[in-house]
Amino acid sequence: MAFSATTRQQNIERLQNETLDLLVIGGGITGAGVAIQSTAMNMKTGLIDMQDFAEGTSSRSTKLVHGGIRYLKTFDVGVVADTVKERAVVQGIAPHIPKPDPMLLPIYDETGATFDLFSVKVAMDLYDKLAEVKDPKFTNYTLSREEVLQREPQLNPKHLVGGGVYLDFRNNDARLVIENIKKAHENGGIMASHVKATGLLHDDDGRINGITAEDLLTGESFEIHARIVINTTGPWSDTIRKMDHTEKYQSQMRPTKGVHLVVDAEKLPVPQPTYFDSGDQDGRMIFVVPRENKTYFGTTDTDYHGDLKHPTVTQEDVDYLLEIINRRFPTAKITLDDIEASWAGLRPLIAANGSSDYNGGNSGKISDKSFKEVIKVVDQFESQEASREDVESVLNDLESSLAEDKLNPSAVSRGSSLTSSPDGLLTLAGGKITDYRKMAAGAMALIAKILADKYDAHFNEINSKNLPVSGGDIDPHNVDATIAFYAKQGTDNGLANDEALRIANMYGSNAARVFSLIGKVEPTHGLSLAETISLRYALDEEMTLTPVDYLLRRTNHLLFMRDTLDDLKDGVIATMADYLGWDAATVKAQTELLNQTIAESDLTALKQG
Ligand SMILES: Cc1cc2nc3c(=O)[nH]c(=O)nc-3n(C[C@H](O)[C@H](O)[C@H](O)COP(=O)(O)OP(=O)(O)OC[C@H]3O[C@@H](n4cnc5c(N)ncnc54)[C@H](O)[C@@H]3O)c2cc1C
Ligand SMILES: O=P(O)(O)OC[C@H](O)CO
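Quantities reported herein were computed from a predicted structural model and do not represent experimental measurements.

Help me understand the environment of Pro547 in this model?
Along the polypeptide, Pro547 turns up in helix α16 (residues 547-554). Distance in space between the C-alpha atoms of Pro547 and Gln590 is 7.1 Å, their sequence separation being 43 residues. Excluding its chain neighbours within four sequence positions, the residues that come into contact with Pro547 are Lys569, Val572, Ile573, Met576, Gln590 and Leu594.

In structure tokens form, the structure reads like this:
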């Protein structure tokens, strides 16, 4: 189904002229999850993102679907229970994306270790129980020191006492977003990238009924009218909440930066995803993940106060991660020059969140600071110096005692928050990619209630656990055979087996649409047939507007194919220029943007000192 640059233009015109039931601000995984469910319920839904879909945190994660076994250490069992159960749900609705990939957790006998051999078994058993893992292929087990070293001989043997192996899933985060967005579009949603919410509109009763927006590609400003507006802007959530120009809204977000670095697999060969303590007694655990023929590792977890759009990798981040990696893999001797790619993302942590509140309602006592604010605003209310809304706003932003500022970033809950401002702006923030479906289902329950109560508008119920994303029409219990079946359509039409498998794995049940382009589009500008049909599909059906959209988010070439990227990029730019009718100035600008993105990713500036 066409979902192209032309579709974007048409959708912007529709957003200007039609009143929506629901407008979603933010096209990361949280907004995409709301949009797929609201459109499945036949709500007239619009979604805008000021960047490309998934260009925020949702393409900058550790690329896992996992419950966060380390959160058990901070007794955040609620988040783990909610999230780890969702692994199987996400795999069920997007079978071509998350893939089971058991994690090796080496245990070191050192001060501040998250687990010892006893507690890791307890944690893994609880993790499996919560996730209802029953397949003996995937149930957890422990390894002796020798068995761990047999698997990963490069690991430092000093103080190593053994290890655990438990099920988690690898993920393609940006692909999960775009497949939700595409399905929402297929359901009739009105989606547009590079459209920025610039202000909130209110009716005569002061209730939010839309936004002002700007098409960032043309500079055109316009209004979008909707019965309900939900803010799913992750790290930007406070920015939207404060657009009301009411200082009463306290910040609720505490973004922390996480960095990943990529090296060639030969530099750091790991047979499976590996997860261990930093060893710095900072509560951090570090992932080392094999992906394609690379290995990436991370992450840092540092409070962030900079530009939300462009978190960057600093020398300090690199030093922190390399020190840990070279200590845990002493023969690897990874240096800055070995880094081929990198990415930095911002966790949209909720400062005052003791766990997830999918339908509102927080847990934990309130902090002393909040307690004083409550007393003050109630006194002001009683002396008519404050309104009821003022009191409600302070209550809305209570800071739980569990998340005082002094908590170190890694101890802050990864739970989510669903709140409603006094003017009716909904905000769904925090959480993880792994529980995006559950977060959205909670929000949809509230949205459906508001539409019924306020507008007498009723919509069909859905079971979002059975709502496949675009490309997800695959039996989740028979993925490999189905992917192989799809791939055969590629090899039958002249593709090499590895090319056909890459396309089948990437697009799932949409692979047939990609392969159907063979014979209709001819390779140009030196691109292979496989790359040509993949790029054409991205342009026709994935609202791909720039080479960075394609090379970083629709595919992961920029991160995991750095060594062949230079042979590819000019052909991608030239082919897009033909398709989109770019003039020389646009080609130059897009080339510069791509080169700048690549230089930022491979840390050219740091390497040049
Ligand atoms: C380092 C790191 C590792 C992680 N690893 C994992 C993991 O492996 N597994 C997991 O489950 N979770 C992981 N997470 C958490 C997960 O990535 C996030 O919880 C999730 O991506 C947040 O998605 P979101 O849609 O809420 O926010 P975002 O993805 O940031 O989306 C918000 C969107 O809103 C848009 N926006 C902002 N302002 C406006 C505006 N004014 N108008 C229009 N659009 C606007 C932005 O452009 C952005 O695209 C990780 C997070 C980090 C930082
Ligand atoms: O929640 P953290 O701090 O473990 O960071 C996110 C991980 O890297 C993957 O979810």
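Looking at this model, I keep getting lost on unusual backbone geometry. Mind explaining?
For residues besides glycine, phi is generally negative; the peptide bonds are generally trans as well. In this chain, Gly298 is followed by Thr299 through a cis amide linkage whose omega measures 10°. Note that Thr299 resides in the loop between β16 (294-298) and β17 (302-303). Notably, Gln281 is not glycine yet its phi reads approximately 55°, a positive angle. Classification of Gln281 as exposed rests on a count of 11 C-beta atoms within 10 Å.

What is the right way to read the site of ligand 1 from this model?
What surrounds ligand 1 is a group of 39 residues, the closest being Gly26, Gly28, Gly56, Gly234 and Gly258. Those elements that place two or more of their residues in the shell around ligand 1 are α2 (29-40), β10 (195-202) and β18 (341-347). A class-by-class count of the residues in the shell around ligand 1 yields twelve nonpolar, 20 polar and seven charged. Residues lining the shell around ligand 1 come from more than one domain, with at least three contributed by each of domain 1 (7-98 + 171-251 + 353-363 + 411-475) and domain 2 (99-170 + 255-347).

In this structure, what is going on with the sheet that holds strand β4 (residues 99-100)? I would like to understand it.
What holds strands together in a sheet is hydrogen bonding between their backbones, with the strands either parallel or antiparallel. A sheet is described by the order of its strands in space; here three strands give the open sequence β3-β8-β4, paired in antiparallel fashion. In this open sheet, the two edge strands, each paired with only one partner strand, are β3 (64-65) and β4. Direction of pairing for β3 relative to strand β8 (residues 169-170): antiparallel, over a ladder of two bridges. Paired with Val65 across the two strands is Phe169, which belongs to β8.

Would you explain the UniProt feature "domain: Alpha-glycerophosphate oxidase C-terminal" (unreviewed entry) in the protein in this entry?
Mapped onto this numbering, the UniProt entry annotates "domain: Alpha-glycerophosphate oxidase C-terminal" (unreviewed entry) at residues 464-586. Across residues 464-586, helical content stands at 62% and strand content at 0%; the span's end C-alpha atoms are separated by 41 Å.

Can you help me understand the packing of α16 against helix α18 (residues 562-580) in this one?
Each pair of packed helices can be described by the angle between their axes along with the distance between the axes. At a minimum axis distance of 9 Å, the contact between α16 and α18 shows a crossing angle of 125°. Taken together, the axis directions place α16 and α18 in an arrangement best described as oblique. Contact residues: Pro547, Tyr550 and Leu551 in α16; Lys569, Val572, Ile573 and Met576 in α18. In the contact of α16 with α18, the residues fall into six nonpolar, no polar and one charged.

Reading the values: the criteria
- Position numbers for residues count from 1 along each chain, tracking the sequence in the order it is written.
- Here chains are named by letter from A upward and ligands by number from 1 upward, in the order in which they appear as written.
- With pLDDT at 70 or above as the cut-off, local features in this predicted model cover only qualifying residues; side-chain atom pairs require 80 or more to be listed or tallied, and sums for whole chains, interfaces and linings still use all residues.
- Helix numbering and strand numbering both begin at the N terminus, where a helix is a DSSP run of H or I of at least 4 residues and a strand a DSSP run of E of at least 2.
- Think of it this way: build a C-beta for each residue from its backbone, and any pair within 7 Å is a contact.
- Burial is judged by counting the other C-beta atoms within 10 Å of a residue's own C-beta: 20 or more makes it buried, 12 or fewer makes it exposed, and any count in between marks it as partly exposed, with every C-beta position built from the backbone.
- In this analysis, residues qualify as near a molecule or strand once their C-beta atom, positioned from backbone atoms, comes within 6 Å of it.
- Each residue receives one of three labels: charged for Asp, Glu, Lys and Arg, nonpolar for Ala, Val, Leu, Ile, Met, Phe, Trp, Tyr, Cys and Pro, and polar for the others, Gly being one of them.
- Segment limits for the domains were obtained from an automatic or database-derived domain assignment.
- Only strands that DSSP links by at least two bridges are regarded as paired with each other.
- UniProt positions are given in the numbering used here, feature names are shortened, and annotations may be inferred rather than shown by experiment.
- To obtain an axis, a line is fitted to C-alpha atoms, over the contacting stretch when the element is a helix, and the angle between two such axes runs from 0 to 180 degrees between their N-to-C directions.
- Oblique is the label for any angle not covered by the other classes, which are roughly parallel (under 35 degrees), roughly antiparallel (over 145) and roughly perpendicular (65 to 115).

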